[in-house]
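# Structure at a glance
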Amino acid sequence: MLRLIGLSKSYKAGDKALSDVSLDVPKSQIVGLIGPSGAGKSTLIRCINRLVEPTEGEIRLGEVDLVKLGTAELRQARRRIGMIFQEYALVERLTVMENVLSGRLGYVPFWRSWMRCYPPQDIRRAYELLDRVGLMEHADKRADALSGGQRQRGGIARVLAQEPELLRVDEPTASPDPNTSRQIMRLLTEICAERGLPAIVNIHDVPLAQQFMQRIVGLRAGRVVFDGAPDALTESA
Ligand code: ADP
Ligand code: ADP
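Residues numbered from 1 in each chain as written. Chains lettered and ligands numbered in written order. Predicted model: local features only at pLDDT ≥ 70, side-chain atom pairs only at ≥ 80, totals over all residues. Heavy atoms only, no water.

The protein chain is annotated in an unreviewed UniProt entry as Phosphonate ABC transporter ATP-binding protein of Tropicimonas aquimaris.

## Digging into the sheet that holds strand S5 (residues 64–65)
Keep this limit in mind: The pairing criterion is simple: DSSP has to find at least two bridges between the two strands. Secondary structure elements are taken from DSSP: a helix is a run of H or I of four residues or more, a strand is a run of E of two residues or more, and numbering for both begins at the N terminus. We call two residues in contact whenever any of their non-hydrogen atoms come within 4.5 Å of each other. Lines are fitted to the C-alpha atoms to define the axes, a helix being fitted only along its stretch in contact, and any angle between axes, read from their N-to-C directions, falls within 0 to 180 degrees.
Pairing is antiparallel in the open sheet, where 4 strands are placed in the order S2-S1-S4-S5. Each of the sheet's edge strands pairs with one partner strand only, and the pair in question is strand S2 (18–25) and S5. Along the sheet, helix H1 (residues 41–48) contacts strand S1 (2–9), S2 and strand S4 (56–61); its crossing angle with S1, the most-contacted strand, is approximately 120°.

## Notes on the side chain of Arg215
Short version of the rule: Here a polar contact means two N or O atoms within 3.5 Å. Within protein one must be a hydrogen donor candidate and the other an acceptor candidate, and residues neighboring in sequence count only if both atoms are side-chain atoms.
Residue position: Arg215 is located in strand S9 (residues 215–220). Here the side chain of Arg215 touches Gln29 through a polar contact of 2.8 Å, side chain to side chain. Polar contacts involving the side chain of Arg215 include one to the side chain of Asp227, which spans 2.8 Å. Discounting residues that sit within four places of it in the chain, Arg215 has contacts with Leu23, Asp24, Val25, Pro26, Gln29, Ile30, Val31, Gly32, Asp227, Gly228 and Pro230.

## A short note on the site of ligand 1
Let me state the cut-off plainly: A single heavy atom is enough: if one lies within 4 Å of a molecule or strand, its residue is considered near that molecule or strand. Calculation of accessible area relied on Shrake-Rupley with a 1.4 Å probe; when residues are assessed, cover is drawn exclusively from the protein chains displayed. For this classification, Asp, Glu, Lys and Arg are treated as charged, while Ala, Val, Leu, Ile, Met, Phe, Trp, Tyr, Cys and Pro are nonpolar and the rest, including Gly, are polar.
Around ligand 1, the neighbouring residues are Tyr11, Ala17, Pro36, Ser37, Gly38, Ala39, Gly40, Lys41, Ser42 and Thr43. Between an oxygen atom of ligand 1 and a main-chain N or O atom of Ala39, the distance comes to 3.1 Å. Out of a free accessible area of 560 Å², ligand 1 has 56% covered by protein chains. In terms of residue class, the shell around ligand 1 is built from 4 nonpolar, 5 polar and 1 charged.

Structure below.
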């Protein structure tokens, strides 16, 4: 589970982008993060893997306080914190399969014969993930030959190959096609339930957040102003 305790961030003296945010996200739960532009959503998502260094507070993933980790340990820990982006989910010049394997390797291979020297169980595992996200028949296509929705699903498989303990998802509903957005949200919900993964989703679209999230956290000016079930969300939040 993920536990944020008293998390604050000031980019410059004075202004607080995040102010004393405390939040527990248990296993399997997806939390939708909503709030107006500038509320601190990206800062929160980036603090979790210390892409942005928090000014104060604790970030507990299981037993570990990520804030206390040194550079080498943090590098290891980051592999357990998946990030799913709406765009740039895959390396375009690689096949879908190569992309998923690179998630597992932790780097992008630049030679082409590498699949043969990679452990068969990892290749099998990558195929399982491609099957799970519905991309089996596209495994050997170059990523740039896929549709936007397929690319997003490939991005999910790639991140899952890292065997994360936590997912962060940026704007899954920013797709121009609402059907694609719904499918991606459904897939993410199922995957978190299957794997017991906690997830934080930076979600722009409030109606979709209400439809798919078990829980919504509303930020405003760096503070949590709402935390509850989607149907309890009112105009005030
Ligand atoms: P949101 O994702 O909800 O739009 P952000 O986390 O991007 O909000 O921004 C929260 C606040 O922090 C805003 O006031 C923004 O201007 C400020 N901010 C964000 N990133 C930086 C940065 N790199 N340097 C200085 N201020 C920043
Ligand atoms: P490593 O090469 O050890 O994986 P990185 O710092 O490149 O280390 O990436 C670690 C994790 O941080 C990745 O799993 C990725 O999801 C996340 N990450 C990398 N870049 C960004 C970014 N711009 N915004 C948010 N998360 C990122």
